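Structural overview
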Amino acid sequence: MLPGPGDAAEGGPKSTHVPTQSPGEKQKWEEAKAFYENLTPTKKPKSPKPQNAINIAVSSRALFRMEEEEKVFKEQGLEEYVKYQLEHENEPFKPGAAFPFVRALEAVNTQLRELYPDSEHLFDIVLVTNNHAQVGVRLINTINHYNLFVERFCMTGGNSPIGYLKAYHTNLYLSSDGQKVQEAIEEGIAAATIFNPSHNVSINEDQLRVAFDGDAVLFSDESEKIVKEHGLDKFFEHEKAYENKPLAQGPLKGFLESLGKLQKKFYQKGMRMNCPIRTYLVTARSAASSGARALKTLRSWGLETDEALFLAGAPKGPLLEKIRPHIFFDDQMFHVEGAQEMGTIAAHVPYGVGQRHKHKNTK
């Protein structure tokens, strides 16, 4: 077949002709472009690219309280559950355990955007739920009701969302479902099961406060294994002997690293003393006997926490009540329960040897 108009003959050069627009067509194009650009909301900032952001994936039941809806699902089944959600889609959910944390992340973003208008190194929230897409309208209405900046949704219609977390470049996953959190940990994703406190306490709205346990959270469970298998005396001997050998990293080391990078952006603007991010190491270790190795490990990673609190086995709850963090991470359920009782929002990290030693179920 002979080449038609605009086709290059075999072996000949390909046509690079680009149609030109008349002045009238160009004006129409510019008018149409301006019209659609004006439809884009200007009050909300632009979402950062996932590869540039610190991505926090939060389940719907962690962000909002959905106990009544869960009751309908368990007692009446999926169809009645979806029907109930559609009938109540204009009623916003009440804030859940992760709500203050998300609010604090957004407050940090506001200050980062003021200091670095062109930077995408920000927190970005992804709402992750295995809900049916029909429930999405109520979730969107709730997010708009509270004026939250949550633009990314992952609704899997009954399937586990864990497989999508890496695609979202997830730096931290928070859920009220312990099984899903366990799956995420096994996939190498920082994750924790978040619980509502027994009572509400006021939390600082101007500064994000994040508290971490050490072993099996920031660090590996290497030292906890010594305690479980050989007792405290052997543990102290071990830590003294290996004081200058850094511990291996735990599941949330990467998240602390992300927080540290954002803190440095504020330090560069002379805001070390009034940085809107503050981190805490809250550990059952004793300072004199085993504290040096923990601090030297952080130093070897180029990391630090603003405060390091060594409790030598004392309960963590009373001290956390004074700190009032937006979230506290621990691998031991009895520490999570103790924090809850004092009004702290606590999250369980199901990692390490401590998971073999079961404690009472947290309600």
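Residue positions within a chain follow its written sequence, with the count starting from 1. Local features in this predicted model are restricted to residues of pLDDT 70 or higher, and side-chain atom pairs are both shown and tallied only at a pLDDT of 80 or more, whereas totals for entire chains, interfaces and linings draw on every residue. Side-chain descriptors were evaluated using all non-hydrogen atoms of the structure, hydrogens and water having been removed beforehand.

This part takes up the environment of Met-155. For the purposes of this entry, the term helix denotes a DSSP run of H or I that reaches at least four residues, the term strand denotes a run of E that reaches at least two, and both are numbered from the N terminus. Within the secondary structure, Met-155 is located in strand β5 (residues 152-155). Looking at Met-155, the relative accessible area reads 26%, which means it is partly exposed. Remark: the alpha-carbon pair of Met-155 and His-132, spanning 23 residues in sequence, is separated by 6.6 Å. Those residues within four positions of Met-155 in sequence are excluded, and the remaining contacts are Thr-129, Asn-131, His-132, Ala-133, Val-135, Gly-136 and Leu-139. Relative accessibility thresholds used throughout: buried, under 20% of the residue-type maximum; exposed, over 50%; partly exposed, between the two (1.4 Å probe, protein chains only). Contacts are assigned to residue pairs that have any heavy atoms within 4.5 Å of one another.

With 76 residues, the main nonpolar core has Ile-56, Phe-64, Phe-101, Tyr-173, Leu-208, Phe-212 and Phe-329 as its most contacted residues. It is helix α5 (residues 99-115) that provides the largest number of residues to this core, a total of seven residues. Discounting residues that sit within four places of it in the chain, Phe-64 has contacts with Phe-93, Lys-94, Pro-95, Gly-96, Phe-99, Leu-139, Thr-142, Ile-143, Tyr-146 and Leu-148. Counting 13 residues, the second-largest nonpolar core is a separate cluster that includes Phe-195, Tyr-280, Val-336 and Ala-339. Only buried residues count toward a nonpolar core, which is a set of Ala, Val, Leu, Ile, Met, Phe, Trp, Tyr and Cys residues joined through side-chain atoms within 4.5 Å.

All right, on to the packing of helix α10 (residues 232-241) against helix α12 (residues 287-300) then. Each axis is a line fitted through C-alpha atoms, taken for helices only over the stretch in contact, and angles between the N-to-C directions span 0 to 180 degrees. At a closest axis distance of 9 Å, the pairing of α10 and α12 adopts a crossing angle of 45°. Judged by the angle between their axes, α10 and α12 are oblique. Where α10 crosses over α12, the two elements pack in a sense that is left-handed. Taken together, the residues of α12 that come into contact with α10 (itself represented by Phe-235, Phe-236, His-238 and Glu-239) are Ser-289, Ser-290 and Arg-293. To sort the angles, those under 35 degrees are grouped as roughly parallel, those over 145 as roughly antiparallel, those from 65 to 115 as roughly perpendicular, and the leftovers as oblique. Whether a crossing is left-handed or right-handed is set by the direction in which the near helix is turned from the far one by less than a right angle, anticlockwise for left-handed and clockwise for right-handed.

Attention now goes to the sheet that holds strand β7 (residues 191-195). When DSSP finds two or more bridges between two strands, those strands count as paired. With mixed pairing, the 10 strands of this open sheet are ordered in space as β5-β4-β1-β6-β7-β12-β11-β8-β9-β10. Both outer strands of the open sheet, β5 and β10 (307-310), are each paired with one neighbouring strand and no more. Along the sheet, successive strands turn relative to each other by an average axial angle of 25°, direction set aside. Of the pairings in the sheet, the one linking strand β9 (residues 277-283) to β10 comprises four bridges and is parallel in character. In the sheet register, Thr-283 faces β10, and the bridge partner there is Phe-310.

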